[in-house]
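Report on the structure
Each chain, letter by letter, is given below.
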Amino acid sequence: MTVHNIRHADSRHGDASDGAVGGRLSRVDGPAKITGAAKYAFEQQLDGLAHAVMVEATIAAGTVRAIDTRAAETTPGVLLVLTPDTIMEIKGASDWLGNPPTQKTYSPLARTVTYSGQHIAAVVAETFEQAVAAAALIEVSYDETPAIVDLSDPKAGDGIPIDAMTKEWGDAEAAFAAAPVRICAAYNTQREYQAAMEPHGLIARWQGEELTIWEPSQWLDGMARTYAEWFGVPFENVRLVSPYIGGGFGSKALALAHSAVAAASAKMLGRPVKLVLTRPQNFTSYGGRAATRQTVTIGAGRDGKIQSIVHRGVNETAVDGMWVEPLASVTSIMYATPNFSSKQNVVRVNTVVPGAKRAPGENPSAFGIECAIDELAHEVGIDPLEIRLRNYAEQDPEAKKAWSTRQLREAFASGAERFGWSKRSPKPRSMRDGHQLIGWGVAAGTYPVRRAYGEAIVRILADGSVEVESSSIDMGQGTYTILAQTAAETVGVAADDVVVKLGDSRYARAGVAGGSRLAGVMTGAVYKAATSALDQLVGLAISDPRSPFHALQANTLVVANGRLRSPRGDGPDVSIAELLASVGRDRIEAAGDTMPANSTAEDRYKNYTTIATSIPHTEGNYSRHSWCAHFIEVRVDEDFGTVRVSRVVSALDSGRLYNPKLAESQWKGGIIMGIGQALLEEGIVDRRHGRIVNNNLADYLVPTNADIPDIEVISVGIPDLHSSVLGGKGVGELAIVGVAPAIANAVFHATGKRVRDLPITLEKLI
Amino acid sequence: MTSQTTIHLTINGRDHSLNVEPRVTLLDALRDRLDLTGTKKGCDHGQCGACTVHVDGERVLACLTLAAQVEGREITTIEGLAGADGTLDAVQAAFLEQDAFQCGYCTPGQIMSAVACIREGHANSDDEIREYMAGNLCRCGAYPNIVAAVRQAALEVVS
Ligand code: FES
Ligand code: FES
């Protein structure tokens, strides 16, 4: 069995200060990833491994009449065929908020089909090839009923009001009616998919009542809780291992139906089972971003000052599951307005329940308001950048609290400067290069600072190296690296001398890596644990009679570059290893957490296995958010309507950056995903069968290298100690927010055509 | 289909013989039978480039290649790119320096493609690199840094 425990090779470039917090240290997990040595979760090689393959429904609504498994069962190598009738009983599990299950049992294989692609059977065989071949022989008959295929289906209706989403102040309708300038438009965003390059999958192994799961996971403790509840074993009996994650983007935080099937079949067979979803199954086994519809009406003065915003939103959800994509999350805070009203409905359609995709809520919300304000700018003849400054919110208009930090003005200023915004010719269709129409667009984005409590263990080992342990994860955000930097700086060793161990639920507990909260939570926890390890080290050095510092009568010591000495520089100068040897210790270990002091074991369990204990971003006196401004140039072919993004300058305020090199990469990644959303990506539903027809990476168009121009990102953040222990705000979700509206606004500037329906494809322009 | 056949593969300069069904792809042979999991499976349909390896020095999608097809050919995977002493290939070093990856899942395929792209003489400009690297998807969006890394490595390889 392989457990992730490699000492990462030296990956440092540049000078020694790169190893401190805020330095541009190269990824410490980089050498493993570029040499192929990094073993991702379901790449573990286990003896006796059997292979499972899922079979999915080919109708969108109805019931499974019969599943004929005879041919599959007699296929060579087949060990087990599972149907709703033959799978072992699995118990209902609580949801991610910790709400108790609504059903006593859970059926990961469906008898009643509510969406095309729903799992209804599975085959386990000796080899992957045998399982695939046998699965193709399973015959299913259905009693089909009419399906609601998407939001535009006439059967879809107006949906269910979500009262908790209502936000109102002032009298928005009356102020709108009285406003001298009124604009009103409808904005649609499409169904999108996370499409991480690593598919979902897992290896499950039972040893008695102990379950080990190797599965890419954004949340080991949350998923371990689900497995424990499904199979009625204590939480401690479940170990989740996820050393590297090949991209998640919100999709890998929950144990899913196929996860239950793999774990159940492993138990039924008494053998470890590996199950990896095919790429098409990755489009229906968990939800992407829900399709949304918004109407934004703005009432304003001739000076462009907003007097009222009325916002109505709808998102699709599943027939048997609830997903609310909070569509007013940016609408209600981006601009100062004395009157505001927002309401939201959800509409049930026959789809897998939608889920989190990068900046759920903020992303579509920004598409509405950031296009609408551009329309207002055009209407009143004010520059789109200027109108944003005129309506700048000096405090949170909704919470009526001061911003913790809001470097949005600075973002507008430095982005505009680098982009050359002042050279923009205001009239649409007034800039061109041959047959290409050129358009310049701007839009802002924001994401709240989600906070939570965390814990970590820091050890100082006999050789003077430092070890950090946490069950948090690194899916490319750079957790390994920034925690190494945090521990190195806090203890006083080189980053090379820190080993960070993540991705194993046996380590110190951690909450979800989602909502851009992990870096802030974990740097805080590691800082605390490392500080206490350092205190122990210095305490030993001063007080232990065997220590070379004992005679010095010092009350503190300096630890730097792995060596201890007195602050005055007199007395001995010894390495950490020598000190530990002299006092006869082989290690120092410290646990640190940021939980409230009187927390019980129950509080801790709840904190790490549910999201119920997240701290509101408006807690106390401040409203905490990251901010950004995107300046984007598009080139639209006048004859063909093809849109290419040719230049991007984005200025972003994520507070203090723990590692700018890695933060810049994440920002660029978010911007690129936003370009995909604006121009390429769309889950296309076959209206006859309610099926996603482009459920693969050739037809669902994620951006390729050839679609992406140079992207310049500028950090305008300042440390925000209201947001986190070390001053950072969120990084990962922020940068996608505002990209699609900036592109739509640029396309309008290029062509004079307002496309309010994503993606902006050529048929909408010609 | 149950009949197994013995095939002989030369991977990263080492000979392997394995008993597999003829329908086993090179990708599954590498990942499931030979513990060479550096080569990734993103789609299994030739759509993403994560499984890119070299066969006789040319880039090939291992998911669209049967293991039996490449008997007697020189196969190089990401595990065989660095020197025997661990010295990184110029492309690997440039990927690390330019931060040309995040999750790392597309990365072995990107690197194998980039090595071939440079060897093919298709790394003469940023636009050319973007075009000839367009078959390797990266959902983390490391593209600008990948272009920078390929540009840097191409200069080092030439000089
Ligand atoms: S796995 Fe071969 S191209 Fe995607
Ligand atoms: S680095 Fe994650 S897909 Fe490319």
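1. Notes on the overall build of chain B
On a plain count of helices and strands, chain B comes out with five helices and five strands. Order of helices (α) and strands (β) in chain B, N terminus to C terminus: β-β-α-β-β-β-α-α-α-α. Taking 2.2 N^0.38 as the reference for a compact globule, 159 residues should give roughly 15 Å; the C-alpha atoms of chain B span a radius of gyration of 16 Å, in line with that estimate. A total of 159 residues make up chain B; the buried ones form 57% of that total.

2. Examining the packing of aromatic side chains
All names here are of chain A. Within this structure, the stated rule accounts for 17 aromatic pairs over all chains. Residues Phe419 and Trp421 carry aromatic rings whose centres are separated by 6.3 Å and whose planes lie at 45° to one another, so their mutual orientation is tilted. Accessibility assignment for this pair places Phe419 and Trp421 in one class, buried. Between Phe419 and Phe631, the ring centres sit 6.0 Å apart and the planes meet at 35°, which makes this aromatic pair tilted.

3. Topic: the packing of helix H2 (residues 90-98) of chain B against helix H3 (residues 107-119) of chain B
All names here are of chain B. H3 packs onto H2 with a crossing angle of 125° between their chain directions and a minimal axis gap of 9 Å. Taken together, the axes of H2 and H3 lie oblique to each other. The hand of the H2/H3 crossing is right-handed. Contact residues: Val91, Gln92 and Phe95 in H2; Thr107, Gln110, Ile111, Ala114, Val115 and Ile118 in H3. For the contact of H2 with H3, the residue count by class is six nonpolar, three polar and no charged.

4. Remarks on the interface of chain A and chain B
Interface size, as often reported, equals the accessible area lost upon joining of the parts. Chain A puts 61 residues into the contact, and the matching count from chain B is 49 residues. Across the interface of chain A and chain B, roughly 4500 Å² is buried in total on both sides, 55% from carbon and sulfur atoms. Considering only the side of chain A, the residues that lose the most area to chain B are Ile34, Met197 and Asn705 of chain A, jointly responsible for 19% of the buried surface there. One can count eight salt bridges joining chain A with chain B. Its salt-bridge partner being Asp32 of chain B, residue Lys274 of chain A comes within 3.4 Å of it at the nearest N-O pair. There are 29 residue pairs in polar contact (both at pLDDT 80 or more) connecting chain A and chain B. Within the residue set of the side of chain A that touches chain B, elements represented by two or more residues are helix H1 (30-35), helix H3 (128-135) and helix H14 (660-679) of chain A. At eight residues, the largest contribution of residues to the side of chain A that touches chain B is made by H14 of chain A.

5. Digging into the sheet that holds strand S2 (residues 62-68) of chain A
Two modes of strand pairing occur in sheets, parallel and antiparallel, and in both the strands are linked by backbone hydrogen bonds. Residue and element names in this part refer to chain A. In space, the three strands of this open sheet follow the order S4-S2-S6, with antiparallel pairing throughout. Lying at the two open borders of the sheet, with one neighbouring strand each, are strand S4 (112-113) and strand S6 (139-144). Direction of pairing for S2 relative to S6: antiparallel, over a ladder of six bridges. Bridging across to S6, Ala66 finds its partner in Ser141.

6. Section: the nonpolar core
In terms of nonpolar packing, the biggest core is built from 227 residues, with Tyr227, Leu564, Phe631, Val634, Ile743 and Ile760 of chain A together with Phe95 of chain B touching the most fellow members. When residues in this core are grouped by element, the largest group, 14 residues, is from helix H11 (residues 518-543) of chain A.

7. Section: the state of the cysteines
A disulfide bridge is the covalent bond that connects two cysteines by way of their sulfur atoms. Tallying each qualifying case throughout the model produces zero disulfides over all chains. Cys628 of chain A takes part in no disulfide bond, and the closest cysteine sulfur, belonging to Cys371 of chain A, lies 14 Å away.

8. Some points on the domain arrangement of chain A
Residues and elements named next belong to chain A. When its domains are assigned, chain A resolves into domain 1 (11-38 + 452-609), domain 2 (43-146 + 194-283) and domain 3 (395-449 + 618-764). If you average the C-alpha positions of domain 2 and of domain 3, the two centres end up 36 Å apart. Here domain 2 meets domain 3 over a buried area of about 830 Å², counting both sides, of which 70% is carbon and sulfur. At the boundary of domain 2 with domain 3, the tally comes to zero salt bridges. On inspection of domain 2 and its partner domain 3, the count reaches one residue pair in polar contact (both at pLDDT 80 or more). Looking at side-chain class alone, the side of domain 2 that touches domain 3 contains six nonpolar, three polar and one charged residues.

9. Topic: H3 of chain A
An α-helical turn contains 3.6 residues, so a residue and the one three or four places further along point in the same direction. Along H3 of chain A, six of the eight residues are buried, which leaves the element largely enclosed by surrounding structure. Turning to H3 of chain A, its buried residues are Phe128, Glu129, Gln130, Ala131, Ala134 and Ala135 of chain A. At its buried positions, H3 of chain A is contacted by strand S1 (50-56), helix H2 (70-73), strand S3 (78-82) and strand S5 (119-125) of chain A together with helix H1 (26-33) of chain B.

10. Here's the deal with helix H5 (residues 220-231) of chain A
All names here are of chain A. Here H5 is twelve residues long and its end C-alpha atoms lie 17 Å apart, about the 16 Å a rise of 1.5 Å per residue gives. Within H5, eleven of the twelve residues are buried, which leaves it mostly tucked inside the rest of the structure. Every buried residue of H5 is accounted for by Leu220, Asp221, Gly222, Met223, Ala224, Arg225, Thr226, Tyr227, Ala228, Trp230 and Phe231. Elements in contact with the buried residues of H5: strand S10 (201-207), strand S11 (210-214), strand S12 (238-241), helix H6 (257-269) and helix H13 (601-609). Residue Gly232 follows H5 closely and has a positive phi angle near 60°.

Conventions used here
- Residues numbered from 1 in each chain as written.
- Chains lettered and ligands numbered in written order.
- Predicted model: local features only at pLDDT ≥ 70, side-chain atom pairs only at ≥ 80, totals over all residues.
- Heavy atoms only, no water.
- Helix = DSSP H or I, 4+ residues; strand = E, 2+ residues; numbered from the N terminus.
- Rg over C-alpha atoms; globule rule 2.2 N^0.38 Å.
- Buried < 20%, exposed > 50% of the residue type's maximum accessible area, 1.4 Å probe, protein only.
- Phe/Tyr/Trp six-rings, centres within 6.5 Å; stacked < 30°, edge-to-face > 60°.
- Axes fitted to C-alpha atoms, helices over the stretch in contact; angles between N-to-C directions.
- Parallel < 35°, antiparallel > 145°, perpendicular 65-115°, else oblique.
- Left-handed = near helix turned anticlockwise from the far one by under 90°.
- Contact = heavy atoms within 4.5 Å.
- Nonpolar A, V, L, I, M, F, W, Y, C, P; charged D, E, K, R; others polar.
- Buried area = accessible area lost by both parts, 1.4 Å probe.
- Salt bridge = Lys/Arg side-chain N within 4 Å of Asp/Glu carboxyl O.
- Polar contact = N/O pair within 3.5 Å; in protein donor to acceptor, adjacent residues only side chain to side chain.
- Pairing = 2+ DSSP bridges.
- Core = buried A, V, L, I, M, F, W, Y, C linked by side-chain atoms within 4.5 Å.
- Disulfide = S-S within 2.5 Å.
- Domains from an automatic or database assignment.
- Expected span 1.5 Å × (residues − 1).

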